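Read off the chains here:
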Amino acid sequence: MALTMRLKPGERLILGGVVVRNGEHRATLHVETKATVLRSPDIIRPRDVRTPCERIVFALQLLYIEPERADAHHRSYVKLARDVRDAAPSFGPQLAKIDALLLEGDPYRALKAGRPLLALERRLFDHVR
């Protein structure tokens, strides 16, 4: 089953580890084989990573888009997740979901499950301020 994406002018995506940018007009892209795909709203750039949970989600993103370096990215995720669990045990259930998805071999769904960590972290930081 093909994946069909409608791209806005100038929209970027990562397709099979390659950054692709659409031209100045809307475009429709059909991906007919299995490939790693991340659209620009889901991409975290290295320069935007500042918080512990952003580091976790970035490690998950790398694990998904760079399967050839999965072991290194998984080790990074495990260390970062351990640090967050130690500092904020309330994040444990969400991290457990991510752990389970990684054990199932589903890095894309693990990445998606990482997104709620950012909202949890934001609420925690807002509460502290």
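Notes on the structure follow. (Residues numbered from 1 in each chain as written. Predicted model: local features only at pLDDT ≥ 70, side-chain atom pairs only at ≥ 80, totals over all residues. Heavy atoms only, no water.)

Let's talk about the pattern of salt bridges
Applicable threshold: One side-chain nitrogen of Lys or Arg within 4 Å of one carboxyl oxygen of Asp or Glu is enough to make a salt bridge. Helix and strand assignments follow DSSP, with helices taken as H or I runs no shorter than four residues and strands as E runs no shorter than two, numbered in order from the N terminus. Burial classes follow relative accessibility: with a 1.4 Å probe on protein chains only, a residue under 20% of its type's maximum area counts as buried, one over 50% as exposed, and anything between as partly exposed.
With the rule as written, the count across this model stands at eight salt bridges. For the salt bridge of Lys 112 with Asp 42, the shortest nitrogen-to-oxygen distance reads 3.1 Å. Of this pair, Lys 112 sits in helix α4 (residues 107-128) while Asp 42 sits in the loop between β5 (37-39) and α1 (52-65); the two residues are 70 residues apart in sequence, bridging distant segments of the chain. In this structure, Asp 48 engages Arg 45 in a salt bridge whose closest nitrogen and oxygen atoms are separated by 2.9 Å. We classify Asp 48 as partly exposed; its relative accessible area is 27%. Note on Arg 45: relative accessible area 39%, which makes it partly exposed.

Remarks on the sheet that holds strand β2 (residues 12-15)
In plain terms, the rule: Note on pairing: DSSP must find at least two bridges between two strands before they are called paired. Axes here mean lines fitted to C-alpha atoms, for a helix over just the part in contact, with angles spanning 0 to 180 degrees between N-to-C directions.
Strand order in the open sheet formed by three strands is β3-β2-β5, and the pairing between neighbours is antiparallel. If you trace the sheet from one side to the other, it starts and ends with β3 (18-21) and β5, each paired once. Averaged over all pairs of adjacent strands, the angle between strand axes in this sheet comes to 20 degrees, irrespective of strand direction. Sheet topology note: the β2/β3 ladder contains four bridges and is antiparallel. Looking at the pairing, Arg 12 lines up with Arg 21 of β3.

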